[in-house]
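Commentary on secondary and tertiary structure
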Amino acid sequence: FCCATQHGGNVHVLHSSQIAALIPDWAQQLATLTRLAWSDPSGRCWFPYLPLTTEHEWLTHVAHDWATDKMHSWVAVVDGQIVSHAALLNKGTHWEMGRMVAVNAPHGATHELCRRAITWCREHNVHARMECTQAHTRTQSHALMVGMRFAGLGTLDEIDGVRWDIIFFDTLEETAPFQPRPGLIANPLGVQMKSSASD
């Protein structure tokens, strides 16, 4: 994926195996990108991205996960600046697509990163799921545009005084989109999630 932006620069997509070699200040750029994309107007960065707003987190934990095949990242770069990021994370029991952040990214750039992640899943015969809050409608759109399946609803534990609603998507292409039934609210990657009186 390489296209001209509105201002004449080109968009290039790099995989995590290329990022450090081609972008000298990659960790600083990704920390700044995450902080800008996931902070509210007061400057508060919402979970789970706060650690990723520090260069140290990228240089230590993320770099280690890249090196040990526990995480794969794709970034969109314009004139040497990282403008969008998406990743696949090995959670042990499943792969998860997420950590999507973008600031001033050209139209289609983040979609291309998601498409690359899904292509990687297919090439490596693995399935992934995605968790989106209901407020993040753009992330939901990316999931649907790259062919992910709606896999139901859920909630996270209360975090920072907020009980977060989650929309699940997954890569089970041969499985019909989830249809709620009494007592069943989701089945991401075939794992049934049941409702409770408190949900």
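Everything below is about the structure printed above this text.
Residues numbered from 1 in each chain as written. Predicted model: local features only at pLDDT ≥ 70, side-chain atom pairs only at ≥ 80, totals over all residues. Heavy atoms only, no water.

**Some remarks on unusual backbone geometry**
We note that Asp69 has phi near 65°; this positive angle belongs to a residue other than glycine. Take Asp69: it is sitting in the loop between helix 3 (55-67) and strand 3 (71-78). For Asp69, a relative accessible area of 40% corresponds to the partly exposed category. Unusually for a residue other than glycine, Asp79 sits at a positive phi of about 50°. (Helix = DSSP H or I, 4+ residues; strand = E, 2+ residues; numbered from the N terminus. Buried < 20%, exposed > 50% of the residue type's maximum accessible area, 1.4 Å probe, protein only.)

**Thoughts on the nonpolar core**
Of all hydrophobic cores here, the largest spans 26 residues; its most connected members are Trp74, Leu88, Met97, Met130, Met148 and Phe169. With seven residues, the top contributor of residues to this core is helix 4 (residues 109-123). (Core = buried A, V, L, I, M, F, W, Y, C linked by side-chain atoms within 4.5 Å.)

**Quick look at the packing of helix 2 (residues 26-38) against helix 3**
One way to put it is that helix 2 packs onto helix 3 with a least axis distance of 8 Å and a crossing angle of 110°. By the criterion of interaxial angle, the relationship of helix 2 to helix 3 is roughly perpendicular. Contacts from Trp26, Ala27, Gln28, Leu30, Ala31 and Thr34 in helix 2 reach Glu55, Trp58, Leu59, Ala63 and Trp66 in helix 3. Here the contact of helix 2 with helix 3 is built from residues that sort into eight nonpolar, two polar and one charged. (Axes fitted to C-alpha atoms, helices over the stretch in contact; angles between N-to-C directions. Parallel < 35°, antiparallel > 145°, perpendicular 65-115°, else oblique. Contact = heavy atoms within 4.5 Å. Nonpolar A, V, L, I, M, F, W, Y, C, P; charged D, E, K, R; others polar.)

**Here's the deal with helix 4**
At 3.6 residues per turn, the α-helix brings residues three or four places apart onto the same side. For helix 4, built from 15 residues, the straight-helix expectation of 21 Å at 1.5 Å per residue is met to within 8% by its first-to-last C-alpha distance of 21 Å. Buried within helix 4 we find Ala109, Thr110, Glu112, Leu113, Cys114, Ala117, Ile118, Trp120 and Cys121. Those residues of helix 4 that are buried lie in contact with strand 2 (10-15), strand 3, strand 4 (81-90), strand 5 (95-102), strand 6 (128-133) and helix 5 (137-145). Just past helix 4, the residue Asn125 takes up positive phi, approximately 55°. (Expected span 1.5 Å × (residues − 1).)

**Structural notes on the environment of Gly154**
Relative to the helices and strands, Gly154 resides in strand 7 (residues 149-159). Gly154 sits in the buried class, given a relative accessible area of 10%. Spatially, the C-alpha atoms of Gly154 and Glu112 are 27 Å apart, while their sequence positions differ by 42 residues.

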